Amino acid sequence: MSIINNLQDDSQNSPQKAKLNISKIKKFKGQKKITMITAYDALFAKIFDKNVDMILIGDSLNQSFAGENDTLNASLEQMIYHTKAVCNGAKNTFIICDLPFGTYNTKEQALESCIKIYKETKADAIKLEGGAFKADIIEYLVKNGIAIVGHIGLMPQSVRGEGGYKVRGKDEADIKQLHKDAKAVEDAGVFCLVVEGVKSEVAKQITQSIKIPTIGIGAGLDTDGQVLVWSDMLGFFEDFKPKFVRHYLSGASEVKKALQTYVKDVENEKFPSKDEQY
Ligand code: KIV
């Protein structure tokens, strides 16, 4: 595997990544693993900037930021608000904004939603959920100059219609459907494809069968890249831990420890010190 040089400078502790475009992202397939993380605000986006290939303003923000039970009542305005904030924080990273539920039911509505995102934010691309049944809409958007990321497999926007979050690719009929979906959205023009909640062997077959990169979440090791929701990855979301999530930090408990120390210091008149006052 030859490594494409995506390093801008190595003067800091971690390699700083140069901002990508869709041609470079497509070329990563089979060359290097692609990294994606979600972000919803400028503060975290700035920390993530240049340290990851792509940042996604996922409609998962409706759960992890707004505290709702699912993503379905996220609005386009909400996505635009958070995308503006992320773009302000991460000026050197490829940014993707999710289209929320109900904003891309027809070609015309989808294009109007995408144009609003492109006009009001600096997002580089737009992601939407759906397989073969959304191919016509994807083709129309791509023809009109929108860079589209696909999303197949477990699609959180279908949670109420499906009666829950269900791992995909467990039987022959579903495996066939997933292959059909991957091929249809590739043919329609997506430049990369999120594959969520799919049996790892099936995600591997899909990855091998299409020319565009796949980005897995709960889809095993053999996709072309990985994406995680930032609050899952950093251990801030404590309600439950899905099997596919790895905590790289115990964010919630670290924050609680720090907060308790601050509270104690204030109560014991240890904060502020002489050096911390005017
Ligand atoms: O909304 C989101 O954060 C997503 C990722 C989990 C892929 O779609």
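Rules used throughout
- Residues numbered from 1 in each chain as written.
- Predicted model: local features only at pLDDT ≥ 70, side-chain atom pairs only at ≥ 80, totals over all residues.
- Heavy atoms only, no water.
- Helix = DSSP H or I, 4+ residues; strand = E, 2+ residues; numbered from the N terminus.
- Rg over C-alpha atoms; globule rule 2.2 N^0.38 Å.
- Contact = heavy atoms within 4.5 Å.
- Lys, Arg positive; Asp, Glu negative; His and termini not counted.
- Charge placed at Lys NZ, Arg CZ, Asp CG, Glu CD.
- Axes fitted to C-alpha atoms, helices over the stretch in contact; angles between N-to-C directions.
- Parallel < 35°, antiparallel > 145°, perpendicular 65-115°, else oblique.
- Left-handed = near helix turned anticlockwise from the far one by under 90°.
- Near = heavy atom within 4 Å.
- Polar contact = N/O pair within 3.5 Å; in protein donor to acceptor, adjacent residues only side chain to side chain.
- Areas by Shrake-Rupley, 256 points an atom, 1.4 Å probe, with all protein chains shown as cover.
- Buried < 20%, exposed > 50% of the residue type's maximum accessible area, 1.4 Å probe, protein only.
- Pairing = 2+ DSSP bridges.
- Right-handed = clockwise from strand over helix to strand, strands pointing away.
- Arc of directions from axis to C-beta.
- Phe/Tyr/Trp six-rings, centres within 6.5 Å; stacked < 30°, edge-to-face > 60°.
- Lys NZ or Arg CZ within 6 Å of the ring centre and 35° of its normal.

Trainee: Even after reading the chapter, I still don't get the overall build of the protein chain, so can you show me in this structure?
Mentor: Scanning the protein chain from N- to C-terminus turns up 11 helices and 10 strands. In terms of C-alpha radius of gyration, the protein chain reaches 20 Å, essentially the compact-globule figure of 19 Å for 278 residues. Dimensions along the principal axes, computed over C-alpha positions, put the protein chain at roughly 65 × 45 × 40 Å. Put simply, of all contacts in the protein chain between residues at least 6 apart along the chain, 58% involve residues at least 24 apart. For the protein chain, the separation between the mean place of its 37 positive charges and that of its 37 negative charges on side chains is 4 Å.

Trainee: Help me understand the packing of helix α6 (residues 135-143) against helix α8 (residues 172-188) in this model?
Mentor: How two helices pack is summed up by the angle between their axes together with the distance between the axes. Between α6 and α8, whose axes approach to 8 Å, the crossing angle comes to 20 degrees. Compared by their axis directions, α6 and α8 come out roughly parallel. When you trace α6 past α8, the crossing you get is right-handed. Counting all contacts with α6, which are made through Ala-135, Ile-138, Glu-139 and Val-142, the residues of α8 involved are Ala-184, Val-185 and Ala-188.

Trainee: Any chance you could explain the site of the ligand here in plain terms?
Mentor: If you check the shell around the ligand, you find Thr-38, Leu-56, Gly-58, Asp-59, Ser-60, Asp-98, Lys-127, His-151, Val-194, Ile-217 and Val-229 and nothing else. Contacts to the ligand include Asp-59, whose side-chain N or O atom sits 3.1 Å from an oxygen atom. Residue Ser-60 places a side-chain N or O atom 2.5 Å away from an oxygen atom belonging to the ligand. Protein chains bury 95% of the 260 Å² of accessible surface belonging to the ligand in isolation.

Trainee: Got a minute to help me understand the pairing of strand β7 (residues 148-153) in this structure?
Mentor: In summary, the side chains of a regular strand alternate between the two faces of the sheet. Counted residue by residue, β7 has six buried out of six residues, so it is predominantly covered. Alternating positions in β7 separate into two faces, Ile-148, Gly-150 and Ile-152 on one and Val-149, His-151 and Gly-153 on the other, with burial throughout. In the sheet, strand β6 (residues 125-127) pairs with β7 via two bridges, with the strands oriented parallel. Following the sheet pairing, Ile-126 is matched in β7 by Ile-148. At this point the chain moves from β6, through α6, to the parallel β7, and the crossover so formed is right-handed. Looking at chain direction, β7 and strand β8 (residues 192-196) are connected through five bridges and run parallel. Along β8, the bridge assignment pairs Gly-153 with Glu-196.

Trainee: Please explain α6 as it appears in this structure.
Mentor: Along an α-helix, a turn takes 3.6 residues, which lines up residues three or four apart on a common side. Residues of α6 that are buried: Ala-135, Ile-137, Ile-138 and Leu-141. Down the axis of α6, the sector holding all buried residues measures 160 degrees, keeping them to one side. Set apart from the buried face of α6 by more than 90 degrees, the exposed residues are Asp-136 and Lys-143. In this structure, the buried side of α6 is in contact with α5 (107-120), β7 and α8. Phi turns positive one or two residues past the end of α6, at Gly-145, with a value near 90 degrees.

Trainee: Mind showing me how you'd approach the packing of aromatic side chains here?
Mentor: The geometry of an aromatic ring pair is captured by two quantities: the separation of the ring centres and the angle between the planes. Inspection of every chain in the model, using the stated rule, returns eight aromatic pairs. Ring geometry for Trp-230 against Phe-236: centres 5.5 Å apart, planes inclined by 50 degrees, an arrangement best described as tilted. Among the aromatic residues, ring-to-ring pairing joins Tyr-40, Phe-44, Phe-48, Trp-230 and Phe-236 into one connected group. Of note, Lys-32 hangs over the ring of Phe-28, and the distance from its end group to the ring centre comes to 4.9 Å.

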